[in-house]
Every structure is written in structure tokens, then in C-alpha cells.
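What follows is each chain in one-letter form.
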Protein chains: 2
Amino acid sequence: MSKYFSSKYVSLTPYTPGEQPKEKKYIKLNTNENPYPPCEDVIKKVSEYASSLNLYSDPETTKLVKEICSLYNIDEDEVIFTNGSDEILNFAFMAFCGKEVSAAFPSITYGFYKVFAFLNQVSYQEIPLNKDFSINVNDYIGINKTIFIANPNAPTGLCLKKEDIERILSSNPNNVVIIDEAYIDFAKEESSISLIKKYPNLLVTQTFSKSRSLAGGRLGFGIGNKELIKDLKTIKYSTNPYNINTLTLIAGVATLQNEKYTKANIKKIIDERERVSFELERLGFEVLPSQANFIFAKSSLISGKELYLKLKEKGVLIRHFDQKEISDYNRITIGTKEDNIILLSTIKEILKEVTI
Amino acid sequence: MSKYFSSKYVSLTPYTPGEQPKEKKYIKLNTNENPYPPCEDVIKKVSEYASSLNLYSDPETTKLVKEICSLYNIDEDEVIFTNGSDEILNFAFMAFCGKEVSAAFPSITYGFYKVFAFLNQVSYQEIPLNKDFSINVNDYIGINKTIFIANPNAPTGLCLKKEDIERILSSNPNNVVIIDEAYIDFAKEESSISLIKKYPNLLVTQTFSKSRSLAGGRLGFGIGNKELIKDLKTIKYSTNPYNINTLTLIAGVATLQNEKYTKANIKKIIDERERVSFELERLGFEVLPSQANFIFAKSSLISGKELYLKLKEKGVLIRHFDQKEISDYNRITIGTKEDNIILLSTIKEILKEVTI
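Since the structure is predicted, the reported quantities are computational estimates derived from the model, not experimental observations.

J.: Explain the packing of helix α2 (residues 62–72) of chain A against helix α7 (residues 246–256) of chain A to me, please; I cannot follow it from the model alone.
T.: The axes of two packed helices give the description: the angle between them and the distance between them. All names here are of chain A. Running from N to C, α2 and α7 point in directions that differ by 25°, and their axes come no closer than 9 Å. What the angle tells us is that α2 and α7 run roughly parallel. For the pair α2 and α7, the sense of crossing is left-handed. Along its contact with α2, which presents K63, L64, E67, I68 and L71, the element α7 presents L249, I250, G252, V253 and L256.

J.: Hey, could you run me through the side chain of R331 of chain B in this one?
T.: All names here are of chain B. Along the chain, R331 turns up in strand β12 (residues 330–333). Summary of buried charges: R331 has no salt-bridge partner, and the nearest side chain of opposite charge, E33, is 8.8 Å away. At 2.8 Å, the side chain of R331 forms a polar contact with the backbone oxygen of N30.

J.: I keep staring at the pattern of salt bridges and nothing clicks. Help me out?
T.: Here the idea is simple: oppositely charged side chains can pair when their charged atoms come close. Within the structure shown, the criterion is met by 36 salt bridges over all chains. With a closest N to O distance of 2.6 Å, K312 of chain B and E19 of chain B form a salt bridge. Of the two residues, K312 of chain B sits in helix α9 (residues 304–313) while E19 of chain B sits in the segment before β1 (27–28), which places them 293 residues apart along the sequence. Given a relative accessible area of 27%, E19 of chain B falls into the partly exposed group. Several salt bridges converge on common partners, so that one network encompasses D185, R212, E259 and K263 of chain A.

J.: I tried to follow the interface of chain B and chain A on my own but got confused; where do I start?
T.: For an interface, size is often stated in terms of accessible area lost upon the parts coming together. Each side of the interface is counted separately: chain B has 84 residues, and chain A has 84 residues. Note on chain B versus chain A: buried area summed over both sides is about 6,500 Å², and carbon and sulfur give 55% of it. When the buried surface of chain B facing chain A is broken down by residue, Y4, N54 and Y56 of chain B rank first, second and third, together holding 12% of it. Run the count over chain B and chain A and you get zero salt bridges. Counting the contacts that link chain B with chain A gives 39 residue pairs in polar contact (both at pLDDT 80 or more). Counting residues per element, the ones that place at least two in the side of chain B that touches chain A are α1 (40–49), α3 (84–96), α4 (112–119), α6 (226–237) and α7 (246–256) of chain B. Top contributing element to the side of chain B that touches chain A by residue count: α6 of chain B, with seven residues. When the residues that make up the side of chain B that touches chain A are grouped by side-chain class, the tally is 39 nonpolar, 31 polar and 14 charged.

J.: For this particular structure, what's the right way to read the sheet that holds strand β5 (residues 146–150) of chain B?
T.: By way of backbone hydrogen bonds, the strands of a sheet pair with one another, either parallel or antiparallel. All names here are of chain B. Here we have seven strands laid out as an open sheet, ordered β2-β8-β7-β6-β5-β3-β4, and mixed in their pairing. The open sheet has two edge strands, β2 (79–82) and β4 (124–127), and neither has a second partner. Strand-to-strand twist in this sheet, taken as the mean axis angle between neighbours without regard to direction, amounts to 20°. Relative to β4, strand β3 (residues 103–106) runs parallel, the two sharing four bridges.

J.: When you look at the environment of Y49 of chain B in this model, what are you seeing that I'm missing?
T.: Among the secondary structure elements, Y49 of chain B is positioned in helix α1. Distance in space between the C-alpha atoms of Y49 of chain B and L247 of chain B is 6.7 Å, their sequence separation being 198 residues.

J.: Honestly, the nonpolar core in this entry has me stumped. Any pointers?
T.: One broad rule of soluble globular proteins: the nonpolar side chains tend to lie buried together. If you look at the biggest cluster of nonpolar residues, it comprises 110 residues, and the most contacted ones within it are V46, V79 and F81 of chain A together with V46, V79 and F81 of chain B. Apart from the residues within four sequence positions on either side, V46 of chain B is in contact with V46, A50 and L247 of chain A together with L247, I250 and A251 of chain B. Formed by 67 residues, the second largest nonpolar core is a distinct cluster that contains Y9, L119 and A150 of chain A together with F5 of chain B.

J.: Just checking my understanding: could you explain the pairing of strand β7 (residues 202–207) of chain B for this structure?
T.: Every other side chain in a regular strand lies on the same face of the sheet, so the side chains alternate between the two faces. Residues and elements named next belong to chain B. Taking burial as the measure, the six residues of β7 include six buried ones, the bulk of the element. Covered by surrounding structure in β7 are L202, V204 and Q206 together with L203, T205 and T207, the residues of both alternating faces. Bridging between strand β6 (residues 177–180) and β7 involves four bridges; their strand directions are parallel. Opposite I178, over in β7, you have L203 as the bridge partner. Here five bridges tie β7 to strand β8 (residues 220–224), and the two strands are oriented antiparallel to one another. The partner of Q206 across the bridge, within β8, is F221.

J.: Explain the side chain of S191 of chain A here, please?
T.: Residue and element names in this part refer to chain A. On the secondary structure map, S191 appears in the loop between β6 (177–180) and β7 (202–207). A distance of 2.7 Å separates the side chain of S191 from the side chain of E181, its partner in a polar contact. From its side chain, S191 meets the backbone nitrogen of I193 in a polar contact 3.0 Å long. In this view, S191 contacts E181, I184 and Q206; residues no more than four positions away in its chain are not counted.

J.: Before we go on, may I ask you to explain the packing of aromatic side chains in this structure?
T.: Aromatic ring pairs are defined here through the distance separating the ring centres and the angle between the ring planes. Scanning the entire structure with this criterion turns up 38 aromatic pairs over all chains. On the numbers, 4.1 Å between centres and 10° between planes, the contact of F112 of chain A with F116 of chain A is stacked. Of this pair, F112 of chain A and F116 of chain A both sit in helix α4 (residues 112–119), separated by four residues, roughly a single helical turn. Both rings, one in Y113 of chain B and one in F148 of chain B, keep their centres 5.7 Å apart while their planes meet at 45°; by these two values the pair is tilted. One end of the pair, Y113 of chain B, is in helix α4; the other, F148 of chain B, is in strand β5, with 35 residues separating them in the sequence. By the burial criterion, Y113 of chain B is buried, and F148 of chain B matches it. A network of ring pairs unites the aromatic residues Y15, F93, F105, Y110, F112, Y113, F116, Y124 and F148 of chain A as a single cluster. Across from the ring centre of Y237 of chain B, 5.3 Å away, lies the NZ or CZ of K236 of chain B, which sits over that ring. One Lys or Arg, K268 of chain B, reaches over the ring of Y36 of chain B and ends 4.1 Å from the middle of that ring.

About the cut-offs
Residues numbered from 1 in each chain as written. Chains lettered and ligands numbered in written order. Predicted model: local features only at pLDDT ≥ 70, side-chain atom pairs only at ≥ 80, totals over all residues. Heavy atoms only, no water. Axes fitted to C-alpha atoms, helices over the stretch in contact; angles between N-to-C directions. Helix = DSSP H or I, 4+ residues; strand = E, 2+ residues; numbered from the N terminus. Parallel < 35°, antiparallel > 145°, perpendicular 65-115°, else oblique. Left-handed = near helix turned anticlockwise from the far one by under 90°. Contact = heavy atoms within 4.5 Å. Buried < 20%, exposed > 50% of the residue type's maximum accessible area, 1.4 Å probe, protein only. Lys, Arg positive; Asp, Glu negative; His and termini not counted. Salt bridge = Lys/Arg side-chain N within 4 Å of Asp/Glu carboxyl O. Polar contact = N/O pair within 3.5 Å; in protein donor to acceptor, adjacent residues only side chain to side chain. Buried area = accessible area lost by both parts, 1.4 Å probe. Nonpolar A, V, L, I, M, F, W, Y, C, P; charged D, E, K, R; others polar. Pairing = 2+ DSSP bridges. Core = buried A, V, L, I, M, F, W, Y, C linked by side-chain atoms within 4.5 Å. Phe/Tyr/Trp six-rings, centres within 6.5 Å; stacked < 30°, edge-to-face > 60°. Lys NZ or Arg CZ within 6 Å of the ring centre and 35° of its normal.

Put into C-alpha cells, the structure is as follows:
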């Protein structure tokens, strides 16, 4: 730290992204990426637009807005695009929290919420989960705080029903409720986007990083009442008006124009999630019923940390969290069928080693 | 504005980017873009990497860091890449200003500094320019503020000499001095990058948007003492660790590997800048001696606003600022020779119309 660093950030602890190892090739099941490449059209369009990179990108992301409006049946002033969904989440902390309004989120959830709260000098309450890792909706009724809920939650994969979300929304009319739907496309439960006309305090955030195979493009968005979106645009235009680059913009457009491809990949991933869950349970694992593109599982035969380390040694990367309440578990991204076959056989091998 | 918007942003006025008109095709000389496309290698590499967009980008931007270090002869921990140079400038306001430390910058300069100051609740001093629009270095000696200087300055195009920068740096050892070199590659004066080992309080920022033909890719960077860079990385990893997308990263690498192409374009632009300046002077314009890829000029025959509007009507877009002290002037980006020929002939036409 330099002597010039602002005192307000002196104890700021950044978010730790999943490892992006460069030293060797892994079966990479640690950052919830989609194992399938973007559609052919993305590749074609990106190549076409590269020669226009000397010109600024469209700050209004007009083409993207048009596509998403027709997909979700929303109005043009009800959506904002951002540089990944981390940016929309940070904007929401900036816009809707402050000295007067603190934040609240589950104690086990996306680790970045806490960092954003600290970054924006917002006090926050971490609300414990139930013993089965589900969210206790009653804890969020009328709490007068800006609420952040990942739905499905990470790293548990568990999902709230629409009526539960509505209870939280209607009991907190003076606060914004942010439903972070990074993984919703893999869920049985419905997106909350259909609720934005009914609840002016609802902001739904999503990302192109998971179901839409564009993690490397950095594209996220927020959907909500036009007054909320206007506030978020004030923040965007005061921070980085050209936050979406030309190639990501056109990749996003091409992706939305090929929903069939996205849907087919989602189906493959869900099918594999069910198969891997079943196989792990046969190996004695306890597997949470996931509605995301990852599973959260523990074995009584080996600690979470040890399994993570042994898998890494054998070339399979999964995610382990040191946080005490979940340190027995690991979060495993669902890869291709081929990836998952190797994952499962490697786990079998490790279990044999530790039980001999 | 919604009733949920944080009180601290209620009077936040966003930056106004230059027009990006979609209704008709203009000769676009209003946002200081490079008129030449990125090099062939950029287009090739972008096409190659598009199929890997399902994977996250490298948060450490390792390949880019390697290239820039060899180009500028700096160490790996002396540079940070950002989503355009607006992001590094905002990070600098966040990291090096605060309640205890206010900011200072010229009263006529890049309009975003003021917005960043407001966004970060930082008080600031706007220091008037000399009558000839040059920066009075004495005004910045030992002022105990975090100083932001665009060098060359915008929209004037005027540039400080290295020894002037050194006077400011050495007289403000307890404050960071940010030299925003968005346009330095078009200047006779030298970059301040060579000073970072001597002054631990120097942060130099640059962008790939101007000389490097990647405005649409959104790529900027900061170079400075490793302690400063560490602070800025703490901000980055607490805001948006994956701020650089995969395609921009590889486009940046390919650009840096083709410095000859960049240099050749810079030369063409400088040559045209001198020619256009000369021609405008022949038409009676007063033209500031620009060291950037734009010129700042006024005519006694027509007001700045009127010339801007008439050129727009005739299909040529330049930038006019309403700010009182400079409202007689217009900022004109240097385009290709063909663009500039049309610009000059259209101006002649307009001058004829108004003087008949």
C-alpha cells in the first residue's frame, strides 16, 4: 500500500476470483463457465466487426437493448447493460445503498456482495441460512434494507420460488430488492423479470457468462422499473459511458438471435447435472439439489479441502471455499459429458486411495 | 430519479460523450477517433479467439502486461490495464483522493474529471488557464492536492514540457500527480513514463483509443510506481476483476506487436494536422498549436456554435462545447486526407454563405 492510498480503502479486501491457472491444462470445473463455445454466428460477427474497432462503441447499446426487449417483452427504458454482472451489482450498491440505507444478504452467497458493500462504505447485515442451506424468507420480511439475493444462490445452487420473492418485495416497498439471476436459466423456478411491472422496487440482474457462453466477453444486465434503470444509467454515464465494447455488444446480439443454441446447451448441462449428482450420491456424497450449472457436494470419506487438492493434483480443478460453514463441501461446475466422466472416475480413484 | 436513489448522487450530472449519430452517415470528426482501422493482425487474432469466449478472460492480463513492459521498459508490477482510460482515471480518483485530500485540475480540460470528483464525493479546485489557454505551471507548485493534468490538454491540444511536469511532481511529494497522456503519441513532447522510477507520486495514464485505433475495444492503462499500482489493483479486484474481456486483451497484444503500423498512422495524422491547421489559418481561423490528433480553432467570421451546426447540416460532425470561455472554438478531429479535404471545402462553402 502506498502512503497516498485513501484511508477509506485501507482495509479493503478484494474479491478472490477462481484460479485461472496457466502452468498446465486442467479439466476446468471451478468457475462455472459454460463448457460449450458461443454459437457460430458470434464468431462470424466478431470477425466482421473487428475492423471497425477504431470507432467508439455505442454507449446506448441500442442493438442489444432491442434484442433483449423482444426476448423478455420489456420496454427499452427497463434495461441497462454492463461490463459483466459484477458491474451492475456494484452500480446497485452505489445507487441504492448509502449512509441512510444499509444492505442485507445471506451469510453464504456470492462473495462479492461483501466486497461491494465495503468498497461503497455501506454497512451490511449477513443473514444466516437455514441448516439445510436454504434461505429463510421470514428473515427478509420488512427489514428496511437494500436486499441482495442470488437466485439460485451460490455456491449452494438452491432456488427460491416466485411467491417467496414476492413476499420479500411486497414487504420492503421502501427498499430495492436485487435478485441476482446469474444461474436462473438452469433452474426449474421462473425468472423474476415478469414481476418488474408489479414491483417498482425490483431489480433483476443477469449475465451472459453462464448460460450464454460469453464469460470472456463480459456482458451483464439489469432489468427493472424505468426509474431504477434511469438511476443506474446516471451512475453508468458518470463512471464509464462506453462500458460495453463493440465486439461484446455484437457478440451479445448474435447470442440473443440464437436462443435455440443457448437452450440446447442449457438442456445438456441440466441433464449432466442430474447424472453427475446421481453418480456422486452413489459414491456416498451428499449433494444439494442444484438449480444451477454447478453442484455443491460433500463426502464423509474425505474433507472438502483434501478432495479439491487431490483432484487438482490429478488435473481436475474444482472450487473449494475456506469459509467455515461450507468447508466440507466443494462447488463443482458441470462440464461436458467427457469432462464429467473424467471427474467421476478421478473421484472414484481418490476415494479408493483414501479408504484403503 | 427513483425515490430509492442514494442522496449522495441526487445532483450528479453525468459526462456527455460526443454524439454517436445513427440517423445518417457523417464524416465523423467529433470524438478524436483514429481514422485508420486496427492492423490486420488484430482482426485475425480476434477471429481466432472468439470461439473461446465461453471461458473467463485473464484477470491479470498477463500477455498485455508482458508486451507493454517490453515496449516501455518497465516492470510487470508498474502497470495496470483498465476498461478504457476512463476506468483508470476513476480508479485514481477513488484511490488517491478522499475527505482529507482534494483534487485539482485545469478549468478547461477533459470534462470527466469534474464528474469523477463528484461521483467520488471529492472536493476539487479548477485552476484557470492562461489567456493563451496554456497551463500556468506555477499554479500547481506545492498545492497539496491530487493533481490531474491532461498532457496534451483537451480540447486545447497544448502540451507541457517534461521539465514543467517535473516541477509539479517534485513540489507535491505528498500527493499523487496524474498525467493523462491520451494524446501523447501525437506530441513533440516526450511521455512522462520515463519519470516513474524517479517520482513515486507519478501516475501516467494512456489509452488505446486514439493512436492505437482501438476506441471500440475499450482499453486503457496506468503506469507508475509499484506501490501506486498495487493500490489501483486493490480497487480493480474490488470492483471488476475481469474488467478486460478476452478479445480486447488479444487485440491489445496484437496492436503492441505491430508498433510500426501504429507509428505510420500517427505520422499520417500529424502531417494532416499540420496541413489542416495551415489551411484553416489561410481561411482566417485562429488555430492553437496542437500536439494531439485534433485541432482547436475559431473564426472571426462565424461563431463556434453556428459553424458546428452548419457543418453538421452538411454531413460533417465536429465537437462544440458550450462552456463560455471556449464557446467561440470548435474541436476538430483529424481524419483521413479524404475526410479533411471534404471538411475544408465544406468550411469554405459555409464561410462564403455567411459573408455574402
